[in-house]
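Chains, contacts and geometry: an overview
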Amino acid sequence: MELISPTDIAKRNVSSVQDYASLAWRALTNLFARPLYMADAIQQADSIGVGSLPIVVLTGMFTGMVLALNSSNTLERFGSLSLTGQLVAISMVRELGPVLTSLMVAGRNASGMASEIGSMRVTEQIDAMRALGTDPYKKLVTPRVISTVFMMFFLTILSDLVGLIGGYLISFLLLGLDTFQYWNTAYQSLTYNDVVTGLVKPIFFGFIIATVGCYYGMSTRGGTQGVGRATTQAVVAASVLILAVDVVLTQLMLSIK
Amino acid sequence: MGSPLQFPSAAAALDTIHKAIIFDEVSLCFEDLVLLDGVSFELKKGETKVMLGVAGSGKSTILKLCLGLLRPDSGHIYVLGHDVTTMKEEELFDLRSKVGIVFQESALFDSLNVRDNVAFRLMEEKLPEDEIEARVREALRFVELENAIDKLPSELSGGMRRRVGIARAIITHPEILLYDSPTGGLDPITSTTIIELIMKQRDVSKTSALLVSHRLQDGFMLASHYYDPVANTMRPVDGRPMRDVRTSFMVLRDGKVIFDGTAHELAGIQDPYIKEYIS
């Protein structure tokens, strides 16, 4: 096996970060440049948003159910079972809704973007696009960023809602909680900061999913094996980055409470 | 578009008026691998230059450099009077509309049908639908594939894909055409069909062309035949002095140009490497 010097590894990593930052910057600045491929953005929104509905609904539902079950187990010891709705609501809206939805969408779409663009890269379709006078960053990256950010926002709201319904089903059917009590505590417990935090996060996460997926697609090398590698790396990198950015955003939002 | 040439003193002798492409001491390396080492050549307007060489000798790299898809480490490349080595990507998009390229594996957009592939550039320019349809049909008629207009690339054979690639390249009536191994991996009959189309484009539209090939017979066929528009077929030149096919040859070895001249000069060369290559 060939040994690579630490300097080369460091150089390669710095170069990757630089390339990713450059792609992210171009994706943002292209929002204000013509042409803006809105038809492509709508097509992507359909693929990313509508296509992700089943997994987002299922994830939200089961997460809400598990939250209700776990929290009820603890709350019952303190005689506070009635607070189940509150716990489910805060956990879903502030944290689990945005993060789990993003991880699901990353698994489905960051990989899809990396493999689609990666395949185009290794079959010279990206070069063909440039040769035909079209900027692939405008045509392929920016529409995906627009649609992922836009759809993540609404998918998260849906996931939060379905999670609350899942929690309610468990609370009503298994725990015997009153319907009004569950929804009232859930509603009353949510503050303005909770809702804003829960809605700001998916915007950042959507941006991460699209840019990471496109970055790995655009930098694919080495034929079909390279496409497979890019796909895996895109999901791993997007997931880790989402969780890391989540820490920063949570701290930031708590500090401006 | 890049500014008109302001030659440095060393390049003052370069004639960009009558030359479609000029390579001036172009070098390119990838890490430790030298792809091109001081390559210099010229492609006259209306000329077709066949680039020969073994795999890895730098032929396809030259085509990508012409379009600014790659940047050289040193040297200058002038395409239609513009120094592409100093132009920004946005400026290159305009110049690329005057240069068509046929990729080695066609590089058709696999999610688009033949019509949308061929019309890609016209749709990007937001031309009226009627005009796009007429020009797509004209280009497909040229490559005799009008009946495949609604097919997806996956439904086409290798030869048909190359022909669609040619139609996509010529639809804007470019001043220069770049062919990257257009007959690679094709059977002899289909290869002849592709060469006939390239000849047709050369003799009907008088387009300047750089053609990369592994197959010597492709080059010699281009140099020894002309396209007869009346009979819609190619015919041998057979020493007719009026038939100037304007086709020359260039041989690359390890990123260097080791031959640049006519078919006659190539046939009479004494260099042992080239003699072995063409034998």
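None of the values given here were measured: they were computed from a predicted structure.

Attention now moves to the overall build of chain B. On a plain count of helices and strands, chain B comes out with nine helices and 12 strands. Radius of gyration (C-alpha) of chain B: 19 Å, near the 19 Å computed for a compact globule of 279 residues. Taking the principal axes of its C-alpha atoms as reference, chain B extends roughly 50 × 45 × 40 Å. Buried positions account for 54% of the 279 residues belonging to chain B. In chain B, 63% of the contacts between residues at least 6 apart in sequence involve partners at least 24 apart. Placing the 32 positive and 42 negative side-chain charges of chain B at their respective mean positions leaves the two points 4 Å apart.

Here we come to the interface of chain B and chain A. Taken residue by residue, the interface counts 20 residues in chain B and 15 residues in chain A. Across the interface of chain B and chain A, roughly 1600 Å² is buried in total on both sides, 55% from carbon and sulfur atoms. If you look at where chain B meets chain A, you find four salt bridges. Linking Glu 89 of chain B and Arg 130 of chain A is a salt bridge whose minimum nitrogen-to-oxygen distance equals 3.0 Å.

A few words on helix α5 (residues 136-173) of chain A. In this model α5 of chain A runs 53 Å from its N-terminal to its C-terminal C-alpha over 38 residues, within 8% of the 56 Å that 1.5 Å per residue would give. The N-cap of α5 of chain A, judged by a side-chain oxygen 3.0 Å from the amide nitrogen of Tyr 137 of chain A a few residues on, is Asp 135 of chain A.

Okay, the side chain of Thr 247 of chain B next. Relative to the assigned elements, Thr 247 of chain B resides in strand β11 (residues 247-253). The contact partners of Thr 247 of chain B, leaving out residues within four places of it in the chain, are Thr 48, Val 50, Arg 202, Leu 222 and Ala 223 of chain B.

On to the packing of helix α1 (residues 6-29) of chain A against α5 of chain A, then. Residue and element names in this part refer to chain A. Across the interface, α1 lies against α5 with an axial gap of 9 Å and an inter-helix angle of 85°. The angle between α1 and α5 falls in the class roughly perpendicular. Across from Leu 23, Arg 26 and Ala 27 in α1, the residues of α5 making contact are Tyr 137, Val 141, Thr 142 and Val 145.

With omega at -5°, the peptide bond leading from Arg 34 of chain A into Pro 35 of chain A counts as cis. If you trace the backbone, Pro 35 of chain A turns up in the loop between α1 and α2 (38-77). In the Ramachandran plot, Lys 126 of chain B falls in the positive-phi region, its phi being about 55° despite a non-glycine side chain. You can see Lys 126 of chain B is positioned in the loop between α3 (114-124) and α4 (129-142). Of the residues examined, Lys 126 of chain B reaches a relative accessible area of 66% and is grouped as exposed. Here the phi dihedral of Lys 206 of chain B falls at roughly 55°; this positive angle occurs in a residue that is not glycine. Summarising the element assignment, Lys 206 of chain B is placed in the loop between α6 (188-205) and β8 (208-213).

This part covers the sheet that holds strand β7 (residues 176-180) of chain B. Residues and elements named next belong to chain B. If you walk across this open sheet you meet the six strands as β6-β7-β8-β3-β11-β12, and the pairing is mixed. Of all the strands in the sheet, the pair left with one neighbour each is β6 (99-102) and β12 (256-262). Sheet twist, expressed as the average angle between the axes of neighbouring strands with direction ignored, equals 15°. Contacting β3 (48-52), β7, β8 and β11, α6 crosses the sheet at an angle of about 165° to β7. Helix α7 (residues 216-224) contacts β3, β8 and β11 of the sheet and is inclined by roughly 160° relative to β11.

Now for a nonpolar patch on the surface. All names here are of chain A. Residues Leu 69, Leu 161, Ile 165, Leu 169, Phe 172, Leu 173, Leu 174 and Trp 183 make up a contiguous nonpolar surface patch of about 720 Å² in total accessible area. Ranked by residues supplied to the nonpolar patch, first place goes to α5 with five residues. Relative to the helices and strands, Leu 69 resides in helix α2. The exposure class assigned to Leu 69 is partly exposed, which follows from its relative accessible area of 39%.

Evaluation of the coordinates by the stated rule reveals 25 salt bridges over all chains. Its salt-bridge partner being Asp 127 of chain A, residue Arg 130 of chain A comes within 3.7 Å of it at the nearest N-O pair. Of this pair, Arg 130 of chain A and Asp 127 of chain A both sit in helix α4 (residues 125-131), three residues apart, roughly one helical turn. Take Arg 130 of chain A: its relative accessible area is 14%, and that puts it in the buried class. Look at Asp 127 of chain A and you get buried, because its relative accessible area is 11%. For Arg 115 of chain B, the salt bridge goes to Glu 133 of chain B, with nearest N and O atoms at 2.5 Å. Of this pair, Arg 115 of chain B sits in helix α3 while Glu 133 of chain B sits in helix α4, placing them 18 residues apart in sequence. The partly exposed category is assigned to Glu 133 of chain B, whose relative accessible area is 25%. Within the structure, one salt-bridge network assembled from shared partners comprises Glu 124, Asp 127 and Arg 130 of chain A together with Lys 64, Glu 89 and Arg 96 of chain B.

Conventions used here
- Residues numbered from 1 in each chain as written.
- Chains lettered and ligands numbered in written order.
- Predicted model: local features only at pLDDT ≥ 70, side-chain atom pairs only at ≥ 80, totals over all residues.
- Heavy atoms only, no water.
- Helix = DSSP H or I, 4+ residues; strand = E, 2+ residues; numbered from the N terminus.
- Rg over C-alpha atoms; globule rule 2.2 N^0.38 Å.
- Buried < 20%, exposed > 50% of the residue type's maximum accessible area, 1.4 Å probe, protein only.
- Contact = heavy atoms within 4.5 Å.
- Lys, Arg positive; Asp, Glu negative; His and termini not counted.
- Charge placed at Lys NZ, Arg CZ, Asp CG, Glu CD.
- Buried area = accessible area lost by both parts, 1.4 Å probe.
- Salt bridge = Lys/Arg side-chain N within 4 Å of Asp/Glu carboxyl O.
- Expected span 1.5 Å × (residues − 1).
- Polar contact = N/O pair within 3.5 Å; in protein donor to acceptor, adjacent residues only side chain to side chain.
- Axes fitted to C-alpha atoms, helices over the stretch in contact; angles between N-to-C directions.
- Parallel < 35°, antiparallel > 145°, perpendicular 65-115°, else oblique.
- Pairing = 2+ DSSP bridges.
- Patch = residues over 30% accessible without salt bridge, like charges linked within 9 Å, V, L, I, M, F, W, Y side chains within 5 Å.
- Areas by Shrake-Rupley, 256 points an atom, 1.4 Å probe, with all protein chains shown as cover.

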